[in-house]
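The lines below spell out each chain.
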Amino acid sequence: MALVNENFLKLQGSYLFAEQASRVAQYKAENPAADIIRLGIGDVTQPLPQAVVTAMKQAVDEMGQKETFRGYGPGPGYPFLIEKIIANEFKIRGVELATDEVFVSDGSKNDVGNFQELFGLHNTVAIADPAYPVYVDSNVMAGRTGGATASGQYGRIVYLPCTEENGMKPALPESKVDIIYLCFPNNPTGMTLSKAELKVWVDYAKANQAIILFDAAYEAYIQEESVPHSIFEVEGAREVAVEFRSFSKTAGFTGTRCAYTVIPKEAAVYDAEGKAHCLNRLWFRRTTTKFGGTSYPVQAAAAAIYTEEGKQQVKATIGYYMQNAKIIKKGLQKAGYQVFGGTNAPYIWMQTPNKMKSWDFFDKLLKEVHIVGTPGAGFGPSGEGYFRLSSFGTREDCIRAVERLTKL
Ligand code: MLT
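All values reported here derive from a predicted model rather than from experimental measurement.

## Some remarks on the overall build of the protein chain
Looking only at helices and strands, one finds 12 helices and 15 strands in the protein chain. Here the C-alpha radius of gyration of the protein chain, 21 Å, is about what a compact globule of 408 residues would show, namely 22 Å. When its C-alpha atoms are laid out on the principal axes, the protein chain stretches across 55 × 55 × 55 Å. By the burial criterion, 53% of the 408 residues in the protein chain qualify as buried.

## Considerations on the environment of K176
If you trace the backbone, K176 turns up in the loop between strand 4 (157–161) and strand 5 (179–183). With a relative accessible area of 48%, K176 lands in the partly exposed category. Sequence separation between K176 and N208 is 32 residues, and the spatial gap between their C-alpha atoms is 7.4 Å. Within the structure, the side chain of K176 is placed 3.3 Å from the side chain of D178, a separation counted as a polar contact. Within the structure, the side chain of K176 is placed 3.3 Å from the backbone oxygen of N208, a separation counted as a polar contact.

## Details of the site of the ligand
The local shell around the ligand consists of F17, I41, G42, K109, Y132, N187, Y218, K249, Y347 and R388. In the model, an oxygen atom of the ligand is placed 2.6 Å from a nitrogen or oxygen of the G42 main chain. Y132 places a polar side-chain atom, nitrogen or oxygen, 2.6 Å from an oxygen atom of the ligand. Burial of the ligand by the surrounding chains reaches 87%, relative to a free accessible area of 270 Å². Tallied by class, residues from the shell around the ligand come to 5 nonpolar, 2 polar and 3 charged.

## Focus: the nonpolar core
F115, L213, L279, L332 and L389 are the most contacted members of the largest nonpolar core, which totals 64 residues. Element by element, the count of residues in this core is highest for helix 11 (residues 358–369), at 6 residues. Apart from the residues lying within four places of it in its own chain, the contact partners of L332 are Y337, V339, I348, M350, L389 and L405. Ranked by size, the runner-up nonpolar core spans 56 residues in total, among them A217, Y218, A241 and A301.

## Concerning the pattern of salt bridges
Under the definition given, this model contains 20 salt bridges. E197 serves as the salt-bridge partner of K169, at 3.0 Å between the closest nitrogen and oxygen. Of this pair, K169 sits in the loop between strand 4 and strand 5 while E197 is found in helix 6 (residues 195–208), placing the two residues 28 residues apart along the sequence. Linked through salt bridges whose partners overlap, the residues forming this network are D35, D397, R400 and R404.

## Here we look at the sheet that holds strand 8 (residues 259–262)
Strand order in the open sheet formed by 7 strands is 2-8-7-6-5-3-4, and the pairing between neighbours is mixed. Looking along the sheet, the strands with just one partner apiece sit at the ends: strand 2 (102–105) and strand 4. Averaged over all adjacent pairs, the angle separating strand axes in this sheet is 20 degrees, with direction ignored. Against the sheet, helix 3 (residues 79–90) touches strand 2, strand 7 (241–246) and strand 8, its axis set at about 115 degrees to strand 2.

## So, a nonpolar patch on the surface
A cluster of nonpolar side chains, V4, F8, L9 and M141, forms an exposed patch at the surface whose accessible area comes to about 370 Å². By the secondary structure assignment, F8 is in the segment before helix 1 (16–30). A residue is classified by how much of its surface remains accessible, and F8, at 42% relative accessible area, is partly exposed.

## Details of helix 1
Here helix 1 spans 22 Å end to end across 15 residues, near enough to the 21 Å set by a 1.5 Å rise per residue. For helix 1, the complete set of buried residues consists of L16, F17, Q20, V24 and Y27. Down the axis of helix 1, the smallest arc covering the buried residues is 95 degrees, so these residues share one side. When the buried face of helix 1 is taken as reference, the exposed residues oriented beyond 90 degrees from it are A29 and E30. Those residues of helix 1 that are buried lie in contact with strand 1 (37–38), helix 11, strand 13 (371–372), strand 14 (374–375) and strand 15 (386–390).

## Concerning the sheet that holds strand 12 (residues 347–351)
An order of 11-12-15-14 is seen for the 4 strands of this open sheet, with the pairing classed as antiparallel. Where the open sheet ends on each side, the last strands, each with one partner, are strand 11 (339–341) and strand 14. As judged from the 5 bridges shared by strand 12 and strand 15, these two strands associate in the antiparallel manner. Paired with W349 across the bridge in strand 15 is R388.

Cut-offs and rules
Residues numbered from 1 in each chain as written. Predicted model: local features only at pLDDT ≥ 70, side-chain atom pairs only at ≥ 80, totals over all residues. Heavy atoms only, no water. Helix = DSSP H or I, 4+ residues; strand = E, 2+ residues; numbered from the N terminus. Rg over C-alpha atoms; globule rule 2.2 N^0.38 Å. Buried < 20%, exposed > 50% of the residue type's maximum accessible area, 1.4 Å probe, protein only. Polar contact = N/O pair within 3.5 Å; in protein donor to acceptor, adjacent residues only side chain to side chain. Near = heavy atom within 4 Å. Areas by Shrake-Rupley, 256 points an atom, 1.4 Å probe, with all protein chains shown as cover. Nonpolar A, V, L, I, M, F, W, Y, C, P; charged D, E, K, R; others polar. Core = buried A, V, L, I, M, F, W, Y, C linked by side-chain atoms within 4.5 Å. Contact = heavy atoms within 4.5 Å. Salt bridge = Lys/Arg side-chain N within 4 Å of Asp/Glu carboxyl O. Pairing = 2+ DSSP bridges. Axes fitted to C-alpha atoms, helices over the stretch in contact; angles between N-to-C directions. Patch = residues over 30% accessible without salt bridge, like charges linked within 9 Å, V, L, I, M, F, W, Y side chains within 5 Å. Expected span 1.5 Å × (residues − 1). Arc of directions from axis to C-beta.

Here you go:
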């Protein structure tokens, strides 16, 4: 008899974005004429930069020629891409990394979801609330949590509420935790932390031999000079942090798939005797065992964002989405909504009118004005009463969405 992994049975309902997609599909099937504006899942709408397309085509051509064909690539990624990442993303901010501290993958969602495998089941995990649901769900699946309570929280997870009262910035946990998930610029609230605020977390992690899993998928959207792009800009972070980066939102790779994870060699986890083990080597072991690598044409395409042409094209697309964010934010404020984010991140986080339940607001918007957004409750209990709009739509859709929300 094949026994189920009972941890999966603890999961509540469907994955947030699957539930969202299914409600929209059902509504569309029943109302085929509805002109739906999709500002829900953070999926990009602008095409790949031309430099990326050219590089990918060239790489595919190379794969079709005997002389330039490539089979399996190096598991953690090709040096030509890793060297460009280090030079253009980190060295320019004063962060030194070795090439074997960067692991290229086919997506940050996978890395963020899989990384918890390196940690024992008896660790206490702290997760900001609201947060990208993969952090919680992957720990539930692994068996690092209890069941769900009526409030929607899982036992044994330490939730770090991010509310209007604390400026949507998590406070240090009151009890000792071992693994901490942080995401800045934040999905879903769009908020950021200063270097000094991040330093508080690094100091906590050092004092408690904890590890920070830092999701920086939206760093390319930072507009304000003073906001750090990497946790490794903070002194001491190399010993206690791992950082996840993605080309998805940076360069339109949601359908192309390429990301990377930075694991400094000083970052350690401990066995029952207190002996330190290098996280970097553990992830190397896992990656080379369970992952076949990101395809050569995709890595060649990703490297093209670091050409002069690629940089300009990426900058223009990010500028386009951030202009969308400005339009949505200003439009909603003018219409009287209470709105957050949208300054250093492509997400607008709004209060639902009269503290309406966020899934009720989702249904109302879908039915009455044909707009899809993401209910705050899907990101955790502290997201209840809030709603996220993505600025990854087209300009026209963002303008039309504001018009419709103004009339609502
Ligand atoms: C989101 O909408 O929060 C993300 O785009 C989903 C994802 O990247 O998996």
